[in-house]
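Given next are the chains, with one letter for each unit.
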Amino acid sequence: MRRVIFATGNEGKMREIRAILADTCPEILSMKEAGINIEIAENGKSYKENALIKARAVAAASGEPALADDSGLEVDFLNKEPGIFSARYMGEDTPYSVKNAELIRRLEGVPEEKRTARFVCAIAVAFPDGREWAVQDSLEGRIGYEEKGGNGFGYDPIFYVPELGKTTAELTEEEKNQVSHRGKALRLMEKELKKL
Ligand code: ITT
């Protein structure tokens, strides 16, 4: 697929997506670049449903193929909160330094082995002719005790990957894309798109 619109308003996601898909999809437009300015109600019950809602809306509005990402952080000790509500947790406009501090506070006194968490990412594609599907993958980790690292975005500074001994905010973008939920899900989607 040479040209595709990526249905996201999140700049952090967009940067990663462009790097991950650089080889197979040279022309990836953000919604802004494609001149699409629509409000999309993310009222699905799962990451895949929400990703499909976003991709479908943008394919319909543009008449072009659209990809979308719906992702989130699941903290096991908090019954998988914030999950699909990760962007809206404590309010969409609340700075991540505040959201991250609150998650750390809610895990105060919780031992290492119970701090397990994962990043989940669903990627959906929708074509103007109605064909659509979604894939999903994840990255396992633990919630740290303080913010670490200045790369990435969102919850990256508190998401510690034991195998790497670093948070995802301490990884370079390339390192993160190799192991991340988004990297894995996008590569799964790439494989499916190549079959078309
Ligand atoms: P769009 O819907 O416009 O794509 P959004 O930020 O609202 O942007 P989501 O509804 O999918 O996207 O929410 C995902 C949230 O999960 C995101 O805002 C971050 O808080 C968090 N998240 C997802 N992937 C992440 C990552 O790689 N690193 C850090 N936080 C991540």
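Notes on the structure in this doc start here. If you're wondering where the values come from, they're calculated on a predicted model, not measured in any experiment. (Residues numbered from 1 in each chain as written. Predicted model: local features only at pLDDT ≥ 70, side-chain atom pairs only at ≥ 80, totals over all residues. Heavy atoms only, no water.)

## Some remarks on the site of the ligand
And then number 1: Taken together, 22 residues are adjacent to the ligand, and Thr-8, Lys-13, Lys-54, Tyr-96 and Lys-176 come closest.
And then number 2: Measuring from an oxygen atom of the ligand, one finds a side-chain N or O atom of Asn-10 at 3.0 Å.
And then number 3: When the free accessible area of the ligand is taken as 600 Å², the share hidden by the protein chains comes to 92%.
And then number 4: If you list the elements that add at least two residues to the shell around the ligand, you get strand S3 (66–75) and helix H5 (181–194).
And then number 5: Here the shell around the ligand gets four residues from one element, more than from any other, and that element is S3.
And then number 6: Looking at side-chain class alone, the shell around the ligand contains five nonpolar, eight polar and nine charged residues. (Near = heavy atom within 4 Å. Polar contact = N/O pair within 3.5 Å; in protein donor to acceptor, adjacent residues only side chain to side chain. Areas by Shrake-Rupley, 256 points an atom, 1.4 Å probe, with all protein chains shown as cover. Helix = DSSP H or I, 4+ residues; strand = E, 2+ residues; numbered from the N terminus. Nonpolar A, V, L, I, M, F, W, Y, C, P; charged D, E, K, R; others polar.)

## A look at the environment of Pro-95
And then number 1: One can find Pro-95 in the loop between strand S4 (81–82) and helix H3 (96–106).
And then number 2: Since its relative accessible area comes to 45%, Pro-95 is described here as partly exposed.
And then number 3: Distance from Pro-95 to Ile-28, taken between C-alpha atoms, is 28 Å for residues 67 residues apart in sequence. (Buried < 20%, exposed > 50% of the residue type's maximum accessible area, 1.4 Å probe, protein only.)

## Some remarks on the pattern of salt bridges
And then number 1: Under the defined criterion, the tally for this structure stands at 21 salt bridges.
And then number 2: Note that Asp-69 is salt-bridged to Lys-13, the shortest N-O span being 2.9 Å. With Asp-69 in strand S3 and Lys-13 in helix H1 (residues 11–20), this pair connects stretches of sequence that are 56 residues apart. Each member of the pair, Asp-69 as well as Lys-13, is classed as buried.
And then number 3: Of the charged contacts, one joins Lys-54 and Asp-70 as a salt bridge, the two residues approaching to 3.0 Å between their closest N and O atoms. Taken together, the residues Lys-54 in helix H2 (residues 47–62) and Asp-70 in strand S3 connect sequence positions 16 residues apart. Take Lys-54 and Asp-70: they sit in the same class, and that class is buried.
And then number 4: Within the structure, one salt-bridge network assembled from shared partners comprises Lys-13, Glu-16, Asp-69, Asp-156, Lys-176 and Arg-182. (Salt bridge = Lys/Arg side-chain N within 4 Å of Asp/Glu carboxyl O.)

## Overview of the nonpolar core
And then number 1: Counting residues in each nonpolar core, the largest one holds 19 residues, and the members touching the most others are Val-58 and Ala-124.
And then number 2: Taken together, the elements giving at least two residues each to this core come down to H2, S3 and strand S5 (116–126).
And then number 3: Apart from the residues within four sequence positions on either side, Ala-124 is in contact with Ala-51, Leu-52, Ala-55, Ala-66, Leu-67, Ala-68, Trp-133, Ala-134 and Met-189.
And then number 4: Met-14, Cys-121, Leu-186 and Leu-193 belong to the second-largest nonpolar core, a separate cluster that totals 18 residues. (Core = buried A, V, L, I, M, F, W, Y, C linked by side-chain atoms within 4.5 Å. Contact = heavy atoms within 4.5 Å.)

## A word on the packing of H1 against H5
And then number 1: Contact pair H1 / H5: the axes reach a minimum separation of 10 Å and the direction vectors enclose 45°. Judged by the inter-axis angle, H1 sits oblique to H5. The hand of the H1/H5 crossing is right-handed. In this structure, H1 uses Lys-13, Glu-16, Ile-17 and Ile-20 to contact H5, whose residues at the interface are Arg-182, Gly-183, Leu-186, Arg-187 and Glu-190.
And then number 2: Residue composition of the contact of H1 with H5, grouped by class: three nonpolar, one polar and five charged. (Axes fitted to C-alpha atoms, helices over the stretch in contact; angles between N-to-C directions. Parallel < 35°, antiparallel > 145°, perpendicular 65-115°, else oblique. Left-handed = near helix turned anticlockwise from the far one by under 90°.)

## Focus on the side chain of Lys-13
And then number 1: Judged by its relative accessible area of 9%, Lys-13 falls in the buried class.
And then number 2: Polar side-chain contacts of Lys-13 include one of 2.9 Å to the side chain of Asp-69.
And then number 3: Lys-13 has contacts with Thr-8, Lys-54, Asp-69, Asp-70, Ser-71, Phe-153 and Arg-182, leaving out every residue within four places of it along the chain.

## Describing H5
And then number 1: Here H5 is 14 residues long and its end C-alpha atoms lie 20 Å apart, about the 20 Å a rise of 1.5 Å per residue gives.
And then number 2: Listed in full, the buried residues belonging to H5 are His-181, Arg-182, Gly-183, Ala-185, Leu-186, Met-189, Glu-190 and Leu-193. (Expected span 1.5 Å × (residues − 1).)

## Description of the packing of aromatic side chains
And then number 1: Scanning all chains against the criterion turns up three aromatic pairs.
And then number 2: Note on Tyr-96 and Tyr-155: the rings are 5.0 Å apart at their centroids and 85° apart in plane angle, and the pair reads as edge-to-face. Of this pair, Tyr-96 sits in helix H3 while Tyr-155 sits in the loop between strand S6 (132–143) and strand S7 (159–161), placing them 59 residues apart in sequence.
And then number 3: We classify Tyr-96 as partly exposed; its relative accessible area is 28%.
And then number 4: By relative accessible area, which is 5% here, Tyr-155 ends up buried.
And then number 5: The ring of Tyr-145 has Arg-115 lying over it, and the distance from NZ or CZ to the ring centre is 3.9 Å.
And then number 6: Over the ring of Phe-127 we find Arg-131, and its NZ or CZ is 4.3 Å from the ring centre. (Phe/Tyr/Trp six-rings, centres within 6.5 Å; stacked < 30°, edge-to-face > 60°. Lys NZ or Arg CZ within 6 Å of the ring centre and 35° of its normal.)

In short, geometric facts, not functional conclusions.
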